[in-house]
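# A structural walkthrough
Listed here are the chains, written in short residue letters.
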Amino acid sequence: MELPEGKVVIVGVTGASGAVLAQTMLRLLDADPRVARVHLVVTETGMRLLEHELQIAAPLAELPSRIVGSGARSNAGKPAGKIEILPNTDVGASIASGSYPVDSMCVIPCSMGTLAAIAGGASSDLVSRAADVTLKEGRRLVLCVRDTPFNRIHMENMLRAQQAGAVIMPAIPSFYHQPQTIEDLVTQYVCRVLAQMGLPQNRQFAWQGQPLRKAFKI
């Protein structure tokens, strides 16, 4: 088997709100010269999410280019050559086997149903099977859970997945970098996720400390 020169990454997209997170992730991966291949898997509810939140509805083969190019002048009409879309029903795909070399996987956004499937080892579709393979092979798996508030079942599933080796990274925005737009919030979060996957980005704001100020004059 001929191996690609560069990182191989899996991205799962499920039906939790936050399609723009997946879109930004795919755009950054597609533009990253360290990444050779991205395997994209979108669940049925993930497809509904893309249509509802990004107004993207396309045949499966056209989906990567539509996601990467939608709403971005710089990417308009650009083919997403690195991104391979795989049907979520194809549990015999390459990424369903541990013998296929992958560097990391991210589920963004990750619904509580998908979290439950991963935490319980239920490999009933390609997203949950690929995540199971990622864990059993000791590779980095980042779950960008997106729901609120959490009930006990959610928290117990997060703990089980974390104990199995997953990184639990709720889609919680930060504000210490003084964001001015929604894009600023999204980009900072996604950059943090990519750093967890071993792909730090120049666009990430890195906290350098805050100068101490004297509260009282002595």
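The structure under discussion appears in the preceding block.
What counts as what
- Residues numbered from 1 in each chain as written.
- Predicted model: local features only at pLDDT ≥ 70, side-chain atom pairs only at ≥ 80, totals over all residues.
- Heavy atoms only, no water.
- Helix = DSSP H or I, 4+ residues; strand = E, 2+ residues; numbered from the N terminus.
- Core = buried A, V, L, I, M, F, W, Y, C linked by side-chain atoms within 4.5 Å.
- Buried < 20%, exposed > 50% of the residue type's maximum accessible area, 1.4 Å probe, protein only.
- Contact = heavy atoms within 4.5 Å.
- Disulfide = S-S within 2.5 Å.
- Pairing = 2+ DSSP bridges.
- Axes fitted to C-alpha atoms, helices over the stretch in contact; angles between N-to-C directions.
- Salt bridge = Lys/Arg side-chain N within 4 Å of Asp/Glu carboxyl O.
- Right-handed = clockwise from strand over helix to strand, strands pointing away.

Across the chain, the bulk of peptide bonds are trans and the bulk of non-glycine residues have phi less than zero. Of note, the bond from Ile108 into Pro109 is cis; its omega dihedral lies within 30 degrees of zero at -10°. Mapped onto the secondary structure, Pro109 falls in strand E4 (residues 104-110). The residue after Thr148, namely Pro149, is reached through a cis peptide bond having omega -5°. With respect to the helices and strands, Pro149 occurs in the loop between strand E5 (140-145) and helix H6 (152-163). Its identity as a non-glycine residue notwithstanding, Gln178 has a phi of 55°, on the positive side.

Once that is clear, we can look at the nonpolar core. Counting residues in hydrophobic clusters, the biggest one holds 38 residues, and the most contacted among them are Val11, Met25, Leu29, Leu40, Ile108, Val190 and Val193. Examining the composition of this core, we find that seven residues originate from one element, helix H1 (residues 19-31), more than from any other. In this structure Leu29 touches Val9, Val11, Val35, Val38, Lys82, Leu194 and Leu199, once residues within four positions along its chain are discounted. Judged by nonpolar contacts, the second largest core, of 27 residues, contains Val102, Ala119, Leu135 and Val145.

Per the stated rule, a full pass over the model turns up zero disulfides. With no disulfide of its own, Cys106 lies closest to Cys144 among cysteine sulfurs, the gap being 3.8 Å. Unpaired in this structure, Cys110 has its nearest cysteine sulfur neighbour in Cys144, at a distance of 7.9 Å. Residue Cys110 is classed as buried on the basis of its relative accessible area, which comes to 0%.

So, on to helix H5 (residues 126-136). Among the 11 residues in H5, eight count as buried, and that is most of the element. The set of residues buried in H5 consists of Leu126, Val127, Ser128, Ala130, Ala131, Val133, Thr134 and Leu135. Of the surrounding secondary structure, the elements contacted by the buried residues of H5 are strand E1 (7-13), strand E2 (35-42), strand E3 (83-87), E4, helix H4 (112-119) and E5. Looking one or two residues past H5, Gly138 carries a phi angle of roughly 70°, positive in sign.

With that settled, consider the sheet that holds strand E6 (residues 167-168). Reading across from one edge, E3-E2-E1-E4-E5-E6 is the order of the six strands in this open sheet, with parallel pairing throughout. Where the open sheet ends on each side, the last strands, each with one partner, are E3 and E6. Relative to E6, E5 runs parallel, the two sharing two bridges. Counted as the bridge partner of Val142 is Val167 from E6. Strand contacts of helix H7 (residues 182-196): E4, E5 and E6, with the helix running at about 155° to E5, the strand carrying the most contacts.

What follows concerns the pattern of salt bridges. The final tally for this structure, using the stated rule, is five salt bridges. Arg152 is the salt-bridge partner of Glu156, the closest N and O atoms lying 2.7 Å from each other. On the criterion of helical spacing, the pair formed by Glu156 and Arg152 is a turn pair, its members being four residues apart in helix H6.

Right, let's talk about the pairing of E1 for a bit. For E1, a buried count of six out of seven residues is recorded, marking the element as mostly surrounded by other parts of the structure. Where E1 and E2 come together, seven bridges link them in parallel fashion. From the neighbouring strand, Val8 faces E2, where its bridge partner is Arg37. Handedness of the crossover joining E1 and E2 through H1: right-handed.

Read these as spatial facts, not as claims about activity.
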